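Here are the chains, one letter per residue:
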Amino acid sequence: MLGARSASRGDAAQRIVGARAALAGRGGSAEVVALDLASLASVRAAAAAVRARAPALHVLVGCAGIVDPFTAGVTADGIEQTFGTNHLGHFALAGLLKPPLARGARSRLGARVVIVTSEHGHRFAPNPLPPLPPPADVNFGALGIPWGAAYGISKLANLQHAAELARRWRRDGIAAYAAHPGITRTSLGASRGGGVAGALKNAGVWLWWHVLARPVTEAVEAGAASVVHAAVATALPSGAYVLHCREAIPSAAAANATAAKEMWAASARIVRAHGVRF
C-alpha cells in the first residue's frame, strides 16, 4: 500500500510498481491510500483504511517529508510544518498501525518499521533541544529556534523515534530502524502551492537537483537502496541506523536514550491533543 497526498501522483506510482513487478515476473499489486502527513485527521483516516485492508502488516516505511528553509508555516493542526510533517505525521501513523504490525510480528515474516532520516540534517539540530511547548501549539519561534532549523530537528526526531520504537515494541516482536537514503534527485523542496510563484520555485528546484547538484547527488533507485536494506535485511539489530546499506553511528544527540524517551513523551502529548491515541 502506498500513502499519497496527491491522488494523481499516487496513481502514477501505483502503475510504475505494477509495471515493474510484471517485468520482473513477480506477482502482487499496489493500492493507494490517501495520506497527508501534515494533517493528523488525514493520518487517522489513512491508518483506519490500512487496518481495514490489511489485518496484518510486515513492513511500514515512513519516507515522505518536506524541506523548506525559506518559508515559515504550520500544518492543518497549527504545528510547525516541517516538524509536523516529517516527524509527528510518521509518529502518529506508526502508533496507529501497531495492532496490525503486532499481528504481522507473530508470523514467520515478522514486522518492522523503517523511518527515513537525514545523515547531514540530523546533525544540524540544536543540541540539546529545548523542551517542546504545550501540545496545543508547537511554535518553534516561541522557543527561540530559527524556523530554518526545523528540518534538522525533524530528522533528529526521526532517529529518536526509531530508537524508542525499537525499545518500546521489542516485547511485541516489532523491530525498528532509521535509514538515510543519501542526497537523491527528487522533488524535495518543491512548492505545494500553485500560481506563478509556485511554478518558478519548482523550476528552480528541478534545476538544483538535476543540473547544479547532479555531481553530488544520487538517482532515486540508489537512494532507495538503504531504505530497502533496512526493510529486508535479517542481520540488522533492531534500533540500527542504516547508511549506505551498512549499520552506522548517528550523532550523540540521536544516540541519547534519555532524549529519545523525552521526544516520544512530548510527541505523544502533542498528537493526543489532536485526537490521536494509541
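The text that follows walks through the structure, step by step, so that each part is easy to find. All figures in this text were calculated on a predicted structure; none of them were measured in a lab.

## Re helix 2 (residues 40-53)
Stage number 1. End to end, helix 2 covers 20 Å across 14 residues, agreeing with the expected 20 Å (1.5 Å per residue, within 8%).
Stage number 2. For helix 2, the set of buried residues is Leu40, Ser42, Val43, Ala46, Ala47 and Val50. Considered in projection along helix 2, the buried side chains sweep an arc of 145° and stay on one side of the axis.

## Notes on the environment of Tyr241
Stage number 1. With respect to the element layout, Tyr241 can be found in strand 6 (residues 241-243).
Stage number 2. Residue Tyr241 is classed as buried on the basis of its relative accessible area, which comes to 3%.
Stage number 3. In this structure, the C-alpha to C-alpha distance between Tyr241 and Ala162, residues 79 residues apart in sequence, is 8.6 Å.
Stage number 4. A polar side-chain atom of Tyr241 sits 2.6 Å from a polar atom in the side chain of Glu119.

## Comments concerning the nonpolar core
Stage number 1. Val43, Phe83, Leu97, Leu101, Val113 and Trp169 are the most contacted members of the largest nonpolar core, which has 48 residues in total.
Stage number 2. For this core, the secondary-structure elements that each account for two or more residues are helix 2, helix 3 (81-96), helix 4 (98-105), strand 4 (111-116), helix 5 (150-168), strand 5 (174-180), strand 6 and helix 8 (257-272).
Stage number 3. Once residues lying within four places of it in the same chain are set aside, the contact partners of Leu97 are Ala47, Val50, Arg51, Leu57 and Leu60.

## A word on the side chain of Ser42
Stage number 1. Structurally, the position occupied by Ser42 is in helix 2.
Stage number 2. Of note is the side chain of Ser42, whose polar atom sits 2.8 Å from the backbone nitrogen of Asp36.
Stage number 3. Sequence-distant contacts of Ser42, defined by excluding residues within four places in its chain, comprise Ala34, Leu35 and Asp36.

## Some words on the packing of aromatic side chains
Stage number 1. Summed over all chains, the structure comprises two aromatic pairs.
Stage number 2. Ring geometry for Phe91 and Trp264: centres 4.9 Å apart, planes at 75°, overall edge-to-face. You can see Phe91 sitting in helix 3 and its partner Trp264 sitting in helix 8, a full 173 residues away along the chain.
Stage number 3. One aromatic cluster is present, built from ring pairs that chain together Phe91, Trp264 and Phe278.

Thresholds applied
Residues numbered from 1 in each chain as written. Predicted model: local features only at pLDDT ≥ 70, side-chain atom pairs only at ≥ 80, totals over all residues. Heavy atoms only, no water. Helix = DSSP H or I, 4+ residues; strand = E, 2+ residues; numbered from the N terminus. Expected span 1.5 Å × (residues − 1). Buried < 20%, exposed > 50% of the residue type's maximum accessible area, 1.4 Å probe, protein only. Arc of directions from axis to C-beta. Polar contact = N/O pair within 3.5 Å; in protein donor to acceptor, adjacent residues only side chain to side chain. Core = buried A, V, L, I, M, F, W, Y, C linked by side-chain atoms within 4.5 Å. Contact = heavy atoms within 4.5 Å. Phe/Tyr/Trp six-rings, centres within 6.5 Å; stacked < 30°, edge-to-face > 60°.

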